Each structure stands twice: as C-alpha cells, then as structure tokens.
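Observations on the model geometry
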Amino acid sequence: MKKLVLLFIIAIGLFIDANAQSVEYKVITTVESIVPMGIGRSRIVEEKSPIDAQEFTTERTDGKKSKQKLVKRKDAKVSLFAETKLLNFYSVAGINFQNIASNDALISSKINHLVEQGFELAFVTSGVESDSGKGDGKGIFITRYVFKRLK
C-alpha cells in the first residue's frame, strides 16, 4: 500500500511538471491628467514592440565601475505603441465625475479585451503627482495594470 501511495505521488509530480507552462506578462499604463480646464493629456498606453531589458542591463564591479555609459537611452525607446485617449479628471468647473466614469468605461473595455485574449489581471499599482497649489496646474494620476497569460 505504501508503494502504491508513493507511486501515485510520483505520478502526480510528473504530471504537474509535464504541464508546466511559461508565463507571459503585459503591462498597460493609464495616465490621467489632473490639470484644470482639460488642457492635460490622458491616455491608456500599450507597447506593441517588445524589448529585451537584458540589452540595457550592465553589472557593477566593486560597487563603482559600470558600463552604463555604453547603453544609449534612445535605443531603449519603443516606437510602436498604442494610445487610447482618456478624458481629464478636471474641467473648467473642477473635478468632472462624468469624465471619471467615462475613463472607467474605457479602462474596463481595455481590460475586457485583454481578458478575451487570454490575459489575467495579476496586479495593479498606482501613483500620483498632484497639483501643489495655486499656479502649479500640473499633475498626473498613473496606474500600471500587470496582466499575465500562459504561453
């Protein structure tokens, strides 16, 4: 009986290992302007040309020496990406809840489209650089949505 249980456990382990698949990740970023009077730019941004981070990664020796000067920032920029226009949080009269609801609908649509492609929302992170008072007139609310799917 013990041998049978052991054989069963080994078989399950081999089955799980045989079905192991690699995972693909995708990041979608929303940038929502909090600039008054609708003069900001708000977008959903999605890269369309994958890039290998290893090509832009160097290692330091003794904590000081680096070959980062050999890495050119211009080479790290992707030129193919999709932009979906969003509305700004503020209008002339202040915060615009209709714009927020509209953005929610657009973001939900984008998420639903990615789910239809087999992606699953793994996690979300956000941050804000807000208006610092009279005369500043600058600010963004940025959210990164990280999706994953099995290859």
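Attention in this report is confined to the structure presented alongside it. The model shown is predicted, which means the values in this text are computed figures rather than measured ones. (Residues numbered from 1 in each chain as written. Predicted model: local features only at pLDDT ≥ 70, side-chain atom pairs only at ≥ 80, totals over all residues. Heavy atoms only, no water.)

Some remarks on the environment of serine 33
To keep things clear, this is the line we draw: Helix and strand assignments follow DSSP, with helices taken as H or I runs no shorter than four residues and strands as E runs no shorter than two, numbered in order from the N terminus. We call two residues in contact when some of their heavy atoms are within 4.5 Å.
Note on placement: serine 33 falls in strand S1 (residues 23-33). Setting aside its immediate chain neighbours within four residues, serine 33 contacts Gly40, Arg41, Ser42, Asn88, Phe89, Tyr90 and Gly139.

Considerations on the packing of aromatic side chains
The cut-off we apply is this: Only centres within 6.5 Å qualify two rings of Phe, Tyr or Trp (six-membered ring in Trp) as a pair; their planes then separate them into stacked at under 30 degrees, edge-to-face at over 60, and tilted for everything else. Only protein chains enter the accessibility calculation, which uses a 1.4 Å probe; a residue whose area is less than 20% of its type maximum is buried, one above 50% is exposed, and one in between is partly exposed.
On inspection of all chains with the given rule, the structure shows one aromatic pair. Plain terms: the ring middles of phenylalanine 89 and phenylalanine 141 are 6.0 Å apart, the flat faces sit at 45 degrees to each other, and that makes the pair tilted. Residue phenylalanine 89 is located in the loop between strand S3 (81-86) and strand S4 (90-91), and its partner phenylalanine 141 is located in strand S7 (residues 140-150); the two are separated by 52 residues in the primary sequence. Of the residues examined, phenylalanine 89 reaches a relative accessible area of 15% and is grouped as buried.

So, the pattern of salt bridges
Stated precisely, the cut-off is as follows: Note on definitions: salt bridges are taken to be side-chain nitrogens of Lys or Arg within 4 Å of carboxyl oxygens of Asp or Glu.
Counted by the stated rule, this structure contains five salt bridges. Between arginine 149 and glutamate 24 there is a salt bridge, with the nearest N and O atoms lying 2.8 Å from each other. Residue arginine 149 is located in strand S7, and its partner glutamate 24 is located in strand S1; the two are separated by 125 residues in the primary sequence. A relative accessible area of 25% means that arginine 149 is categorised as partly exposed. The class for glutamate 24 is partly exposed, based on a relative accessible area of 25%. Linking lysine 48 and glutamate 46 is a salt bridge whose minimum nitrogen-to-oxygen distance equals 3.5 Å. For lysine 48, a relative accessible area of 43% puts it in the partly exposed group. Within the structure, one salt-bridge network assembled from shared partners comprises Lys26, Glu46, Lys48 and Lys110.

Notes on a nonpolar patch on the surface
Which entries qualify depends on this criterion: Candidates for patches are residues over 30% relative accessible area with no salt bridge; among them, like charges are joined within 9 Å and nonpolar side chains (Val, Leu, Ile, Met, Phe, Trp, Tyr) within 5 Å. Only the protein chains shown count as cover for residues, with accessible areas throughout obtained via the Shrake-Rupley method and a probe of 1.4 Å.
A grouping of Val23, Tyr25 and Leu150 is seen on the molecular surface, where their side chains present a nonpolar patch of about 320 Å² in accessible area. Taking the relative accessible area as the measure of exposure, leucine 150 reaches 56% and is therefore exposed.

What to know about the side chain of asparagine 88
Worth spelling out the cut-off: Whenever two N or O atoms come within 3.5 Å, that pair is a polar contact, provided that in protein one can donate a hydrogen and the other can accept it, and provided that, for residues adjacent in sequence, both atoms are side-chain atoms.
Here asparagine 88 lies in the loop between S3 and S4. Overall, asparagine 88 belongs to the buried group, its relative accessible area being 8%. Within polar-contact distance, the side chain of asparagine 88 engages the side chain of serine 42 at 2.7 Å.

With respect to the nonpolar core
Operational definition: Nonpolar core, defined: a set of buried Ala, Val, Leu, Ile, Met, Phe, Trp, Tyr and Cys residues in which side-chain atoms within 4.5 Å join the residues together.
Ile28, Ile44, Leu86, Ile107, Leu114, Phe119, Tyr145 and Phe147 together form the largest nonpolar core, which totals eight residues. Those elements that provide at least two residues to this core are helix H3 (97-116) and S7. In this view, phenylalanine 147 contacts Glu24, Tyr25, Lys26, Ile28, Ile111, Leu114, Phe119, Glu120, Leu121 and Ala122; residues no more than four positions away in its chain are not counted.

A short note on the sheet that holds S1
The condition that has to hold: Strands pair, by our definition, only if DSSP identifies at least two bridges between them. For helices, the fitted axis covers only the stretch in contact; all axes are lines through C-alpha atoms, and the angles between them, taken along N-to-C directions, range from 0 to 180 degrees.
In spatial order, the strands read S3-S2-S1-S7-S6; together these five strands make up an open sheet with antiparallel pairing. Strands at the two margins of the open sheet, each flanked by one partner only, are S3 and strand S6 (120-129). Averaged over all pairs of adjacent strands, the angle between their axes in this sheet comes to 15 degrees, without regard to strand direction.

Focus on the pairing of S1
Relative to S7, S1 runs antiparallel, the two sharing eleven bridges. By the bridge assignment for S7, lysine 26 is matched with phenylalanine 147. Where S1 lies against strand S2 (residues 42-47), four bridges are found, and the strand directions are antiparallel. Bridge pairing in S2 places valine 31 opposite arginine 43.

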